[in-house]
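Inside the fold
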Amino acid sequence: MEIADLASVNWSAPWLALFAEVGQKVAASSDWRRSLNQAAASADLRNSSGKRIEFCEPKPGAREAYESGIARTGCVPMRADLHDFFNALTFLHFPTAKASLNRLQAAEIARNGVRAMRGSVRDAATLIDENAVLVVTERADIVQSLRSHDWQMLFQGNRTAWTREVDAVAFGHALLQKLTHPYNAITAHALHIPLPPGSPLPQIDRCMAAALDENLSPNALLPLPVLGIPGWCVRNENPDFYSDRTVFRPAKMRRDRKEKDS
């Protein structure tokens, strides 16, 4: 069975730069699940309890919670779709952070069960797993502009910083799936990684995993309209791109909408 919509993936897109080499190799394989498992075995991927990570076919009627099953067995159920394909690629590139996210989720499920209200830790872990962009920088002013939704300063005043002093690294697999067909309003949850841009991926992975253990909550995440990132969209070379307040909302507008939706 082929992965649905795989032909629509543009491997030259900037948000896929990290995943393109492995992703294209797997996509070209006659048995993509086997290819992923070979890559996992070669990297000795393991979950937080030391079980080997293996990408397996979902079991119909399985009752165990998804995260609990991964924590117990190391088996990651993988459907033939882009959502799960990008999840597998994230496991291969961020093994430590993914193991930490799984451990946190499984521990919360063991403690509180599967509930409609997940609680702050599971909420934050889910948002990171599905929709995070890592903002790798040591520039505190960049993070402050992001926190205060000062989009003009973030993307225009500090535009050159995004090529020298900031790395934006896509992490969330649902985000990567959405970016297969990009639209202006796609908004990620940004997680600050306090490292120099260009840091080796294993270092970013370890730093991210350590950050997950420090009072994890949704408040640690910041909204980031990803097509505003310089270099991620040709249209944002025109300053008028950032004038759309339905996408680049002031902080108060976001707070008001959040209160209205709650």
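The following refers to the structure shown. Just so you know, these numbers come straight off a predicted model, no measurement behind them.

As a further point, take the overall build of the chain. Regarding its fold elements, the chain presents twelve helices and six strands. Relative to the compact-globule value of 18 Å for 262 residues, the chain shows a C-alpha radius of gyration of 19 Å, a close match. Principal-axis analysis of the C-alpha atoms places the extent of the chain at approximately 50 × 40 × 30 Å. In the chain, the proportion of contacts linking residues at least 24 apart, taken out of those at least 6 apart, comes to 71%.

Looking now at the sheet that holds strand β4 (residues 167–170). Strand order in the open sheet formed by four strands is β4-β3-β5-β6, and the pairing between neighbours is mixed. Edge positions in the open sheet fall to β4 and β6 (222–225), since each of these has one partner strand only. Each adjacent strand pair in this sheet contributes to an overall mean axis angle of 40°, direction not counted. The pairing of strand β3 (residues 132–136) with strand β5 (residues 187–193) spans five bridges and is parallel. Residue pairing for β5: V135 is matched across the bridge by H192. Helix-sheet contacts for helix α7 (residues 140–147) involve β3, β5 and β6, and the interaxial angle to β6 is about 90°. Where helix α11 (residues 201–212) meets the sheet, its contacts fall on β3 and β5, and the angle it forms with β5 comes to roughly 95°.

Counted according to the given criterion, the structure contains ten salt bridges. Across the pair R79 and D84 runs a salt bridge, and its minimum N-O distance is 3.0 Å. R79 sits in the partly exposed class, given a relative accessible area of 44%. According to the relative accessible area criterion, D84 is buried, its value standing at 8%. Of the charged contacts, one joins D141 and R139 as a salt bridge, the two residues approaching to 2.7 Å between their closest N and O atoms. On the basis of relative accessibility, which here comes to 36%, the residue D141 falls in the partly exposed class. On the basis of relative accessibility, which here comes to 19%, the residue R139 falls in the buried class. Several salt bridges converge on common partners, so that one network encompasses D44, R46 and R52.

Further remarks concern the packing of aromatic side chains. This model, assessed by the stated rule, comprises 13 aromatic pairs. Their ring planes at 65° and their centres at 6.2 Å tell us that W151 and F248 sit as a pair that is edge-to-face. Here W151 is found in helix α8 (residues 151–157), whereas its partner F248 is found in the loop between β6 and α12 (251–261), with 97 residues between them in sequence. As far as burial versus exposure is concerned, W151 and F248 are alike and both buried.

Turning to its location among the elements, S217 is positioned in the loop between α11 and β6. Not counting the four nearest positions on each side in its chain, S217 is found in contact with S120 and A124.

Rules behind the numbers
- Residues numbered from 1 in each chain as written.
- Predicted model: local features only at pLDDT ≥ 70, side-chain atom pairs only at ≥ 80, totals over all residues.
- Heavy atoms only, no water.
- Helix = DSSP H or I, 4+ residues; strand = E, 2+ residues; numbered from the N terminus.
- Rg over C-alpha atoms; globule rule 2.2 N^0.38 Å.
- Contact = heavy atoms within 4.5 Å.
- Pairing = 2+ DSSP bridges.
- Axes fitted to C-alpha atoms, helices over the stretch in contact; angles between N-to-C directions.
- Salt bridge = Lys/Arg side-chain N within 4 Å of Asp/Glu carboxyl O.
- Buried < 20%, exposed > 50% of the residue type's maximum accessible area, 1.4 Å probe, protein only.
- Phe/Tyr/Trp six-rings, centres within 6.5 Å; stacked < 30°, edge-to-face > 60°.

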